[in-house]
Amino acid sequence: MSNVISNFDNWKEFLSDRVAQARNNGMSEETIKNLAYEIGSFLDEKVDPKNEQQRVLKQLWDAGDENERKTVAGLMVKLVEQT
């Protein structure tokens, strides 16, 4: 897992793969966004940012309230869908 989160492009690829798997397993968009929010919360609490992009995401996450954090999580899902 440390290799996945040490490089932002690796992280986006990993997340993109997980989103695709979730869709293939019939998960709704809302469920996927909720899982992205839970992952974001876990990373915020347990993982020290390893690169510039992660530090920016952490700062945005920390600045936001719960609703704004859900928006960030949803945007991450949209971001990886475009790549």
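In what follows, the structure referred to is the one given above.
Please read these numbers as outputs of a predicted model, since none were measured by experiment.

Reading guide: rules and limits
- Residues numbered from 1 in each chain as written.
- Predicted model: local features only at pLDDT ≥ 70, side-chain atom pairs only at ≥ 80, totals over all residues.
- Heavy atoms only, no water.
- Core = buried A, V, L, I, M, F, W, Y, C linked by side-chain atoms within 4.5 Å.
- Buried < 20%, exposed > 50% of the residue type's maximum accessible area, 1.4 Å probe, protein only.
- Helix = DSSP H or I, 4+ residues; strand = E, 2+ residues; numbered from the N terminus.
- Contact = heavy atoms within 4.5 Å.
- Polar contact = N/O pair within 3.5 Å; in protein donor to acceptor, adjacent residues only side chain to side chain.
- Phe/Tyr/Trp six-rings, centres within 6.5 Å; stacked < 30°, edge-to-face > 60°.
- Lys NZ or Arg CZ within 6 Å of the ring centre and 35° of its normal.
- Axes fitted to C-alpha atoms, helices over the stretch in contact; angles between N-to-C directions.
- Parallel < 35°, antiparallel > 145°, perpendicular 65-115°, else oblique.
- Nonpolar A, V, L, I, M, F, W, Y, C, P; charged D, E, K, R; others polar.
- Salt bridge = Lys/Arg side-chain N within 4 Å of Asp/Glu carboxyl O.

**With respect to the nonpolar core**
Working step 1: Counting residues in each nonpolar core, the largest one holds 16 residues, and the members touching the most others are Trp11, Leu15 and Val19.
Working step 2: At the level of elements, α1 (2-6), α2 (8-24), α3 (29-46) and α5 (66-81) are the ones that each hand at least two residues to this core.
Working step 3: Excluding residues that lie within four positions of it along the chain, Leu15 makes contacts with Met76 and Val80.

**Looking at the environment of Arg69**
Working step 1: Relative to the helices and strands, Arg69 resides in helix α5.
Working step 2: Residue Arg69 is classed as partly exposed on the basis of its relative accessible area, which comes to 23%.
Working step 3: Non-local contacts of Arg69, meaning those with residues more than four positions away in its chain, are made with Tyr37, Trp61, Asp62 and Gly64.
Working step 4: A distance of 3.2 Å separates the side chain of Arg69 from the backbone oxygen of Gly64, its partner in a polar contact.

**Some points on the packing of aromatic side chains**
Working step 1: The tally for this structure, following the rule as stated, stands at two aromatic pairs.
Working step 2: Above the face of the Tyr37 ring, Lys70 is positioned so that its terminal group lies 5.5 Å from the ring centre.

**Quick notes on the packing of α2 against α5**
Working step 1: Here α2 crosses α5 at 95°, and the two axes come no closer than 9 Å. In terms of orientation, α2 lies roughly perpendicular with respect to α5. Contacts between α2 and α5 pair Phe8, Trp11, Lys12, Leu15, Ser16, Val19 and Arg23 from the former with Met76, Val77, Leu79, Val80 and Glu81 from the latter.
Working step 2: Looking at the contact of α2 with α5, its residues break down into eight nonpolar, one polar and three charged.

**Regarding the pattern of salt bridges**
Working step 1: Evaluation of the coordinates by the stated rule reveals six salt bridges.
Working step 2: One salt bridge connects Glu81 with Arg23, and the closest N-O pair in it is separated by 2.4 Å. Here the residue Glu81 occupies a position in helix α5, and Arg23 occupies one in helix α2, the gap between them amounting to 58 residues.
Working step 3: Look at Glu81 and you get partly exposed, because its relative accessible area is 38%.
Working step 4: Measuring nitrogen to oxygen at the nearest pair gives 2.7 Å for the salt bridge that ties Asp44 to Lys58. Linking Asp44 in helix α3 with Lys58 in helix α4 (residues 52-63), this pair joins segments that are 14 residues apart in sequence.
Working step 5: For Lys58, a relative accessible area of 26% gives the class partly exposed.
Working step 6: Members of the salt-bridge network, linked through shared partners, are Arg23, Glu29 and Glu81.

None of this, on its own, says anything about what the molecule does.
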